[in-house]
Amino acid sequence: MKFDSTILSRTLFARGARRLTAVVLAAVIIAGCGGGAGGGGQAAEDQVYLIKFPHVTAPGTPKGQAAERFKQLAEERFPGRVVVEVYPSSQLMNDDDSLEALAFGEIQMIAVSLSKFDRLTHSYQVFDLPFLFPNLEAVEAFQASEAGRATLTEIADRGFLGLAFWHNGMKQLSGPRELRLPEDADGLKFRIMESDVLQAQVLQIGGSPQKMAYGEVYQALQTGAIDAQENTWSNIYSSKFYEVQPYMTASNHGYIGYLVAVNPQFWQSLPDDIRTGLEEVMADVTAWGNARSAEINQQARAKIAESGRSEILDLSPAELAAWQEAMRPVWDQFSGDIGTDLIDAAIASRP
Ligand code: LMR
């Protein structure tokens, strides 16, 4: 069956509201076709397998570096058979559009923040619960646990086969004034990712949450459309948010990590040796990238401090406890959706 997925997806659905419907519809259509775009089914010796891999962060970020390494190692392993095109910095599309494009087979690989899957599964909301994970080691232990591993492939039947979890790092707050205590956030408009948990978190500290694509944040901060935001040091540095946010708070209150996913039909259509080889490459790249992510974020923090453009506040134990207490009710709001088993497994993974 042939169809022009671009026209279909662009015309049937208004941008924004269309996402979930489009993604599920695409998965159904593609499953009905018996194969995704890009794969061949027939393993012709001379067939070249193209993997288009767009993402939204800069090449120097943890995700940017891991994506480039995947390209390098995959092409070295399968010279002339596999070509990986990495498009960083939202240059091809934003995350919402990439979810849809993957389901339609227009692209073959994504690494989208776990926070942005909350229309597809409630499980990944566990990663957004404020102060649940004290550091990346705790996240890693949870992702390696039986409960965590089970979530990796949980949305394969919706068109997203998870191959790996990649870290970015821990989130920090930034704003137009010192954010030492939760009441300092009162009335500020915070940009957040597409996540109902993050929306609840901002409401809990008296802020006004604004869901917005990553590529629009710098300008929104610059023009005053939003006042504040939360992100990792590497994202704040590489996207220059520190130029337009005079105060940062080293809060480490949450986590940003990614589901690296492929379209299941595309993946199954690859010849066995190529699919297995690429899975091995992905495992190597994941270990390599996740081991470097904390250091990349620390380097970014140091560069922000050196720039003198933004003051970084470290919290006293009492100040930190005030943020933890203010945000904690979010756990109860979402524990029913996420499941207490998953939250308990995350708690058990703390060092
Ligand atoms: C964000 O939207 O802030 C993040 O998801 C960006 C990213 O991919 O790290």
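For the structure, see preceding data.
Remember, predicted model here, so these are calculated numbers, not experimental data.

Peer 1: Report on the site of the ligand, specifying residues and quantitative values.
Peer 2: Near the ligand the following residues occur: V56, T57, K63, S113, N168, M193, Y214, N231, N235 and I256. For the shell around the ligand, the class distribution of residues is 4 nonpolar, 5 polar and 1 charged.

Peer 1: Hey, could you go over the packing of helix 3 (residues 62-77) against helix 11 (residues 272-307) for me, with residue numbers and the actual values?
Peer 2: Between two packed helices, what matters for the description is the angle formed by their axes and the separation of those axes. It is the contact of helix 3 with helix 11, at a shortest axis distance of 9 Å, that shows an interaxial angle of 150 degrees. Classified by the angle their axes make, helix 3 and helix 11 are roughly antiparallel. Pair helix 3 / helix 11 crosses with right-handed handedness. In contact with P62, Q65, A66, R69, F70, L73, A74 and R77 of helix 3, helix 11 contributes G277, L278, V281, M282, D284, V285, W288, G289, R292, S293 and I296. A class-by-class count of the residues in the contact of helix 3 with helix 11 yields 11 nonpolar, 4 polar and 4 charged.

Peer 1: If you had to explain the pairing of strand 6 (residues 208-211) to someone new, which residues and values would you point to?
Peer 2: Taken together, the 4 bridges between strand 5 (residues 189-192) and strand 6 define a ladder with parallel strand orientation. Bridge assignment links R191 to a residue of strand 6, and that residue is Q210. Taken together, strand 5, helix 7 (residues 196-204) and strand 6 form a β-α-β motif whose crossover is right-handed.

Peer 1: Give me the lowdown on the nonpolar core, citing residues and values where you can.
Peer 2: Counting residues in hydrophobic clusters, the biggest one holds 88 residues, and the most contacted among them are V260 and A261. Among the elements that make up this core, the one with the highest residue count is strand 8 (residues 247-262) (8 residues).

Peer 1: Tell me about the environment of V281, and name the residues and values.
Peer 2: Secondary-structure assignment places V281 in helix 11. Remark: the alpha-carbon pair of V281 and A74, spanning 207 residues in sequence, is separated by 6.4 Å. Apart from the residues lying within four places of it in its own chain, the contact partners of V281 are F70, L73, A74 and R77.

Rules behind the numbers
- Residues numbered from 1 in each chain as written.
- Predicted model: local features only at pLDDT ≥ 70, side-chain atom pairs only at ≥ 80, totals over all residues.
- Near = placed C-beta within 6 Å.
- Nonpolar A, V, L, I, M, F, W, Y, C, P; charged D, E, K, R; others polar.
- Axes fitted to C-alpha atoms, helices over the stretch in contact; angles between N-to-C directions.
- Helix = DSSP H or I, 4+ residues; strand = E, 2+ residues; numbered from the N terminus.
- Parallel < 35°, antiparallel > 145°, perpendicular 65-115°, else oblique.
- Left-handed = near helix turned anticlockwise from the far one by under 90°.
- Contact = placed C-beta atoms within 7 Å.
- Pairing = 2+ DSSP bridges.
- Right-handed = clockwise from strand over helix to strand, strands pointing away.
- Core = buried A, V, L, I, M, F, W, Y, C linked by C-beta atoms within 7 Å.
- Buried ≥ 20, exposed ≤ 12 C-beta atoms within 10 Å, placed from the backbone.

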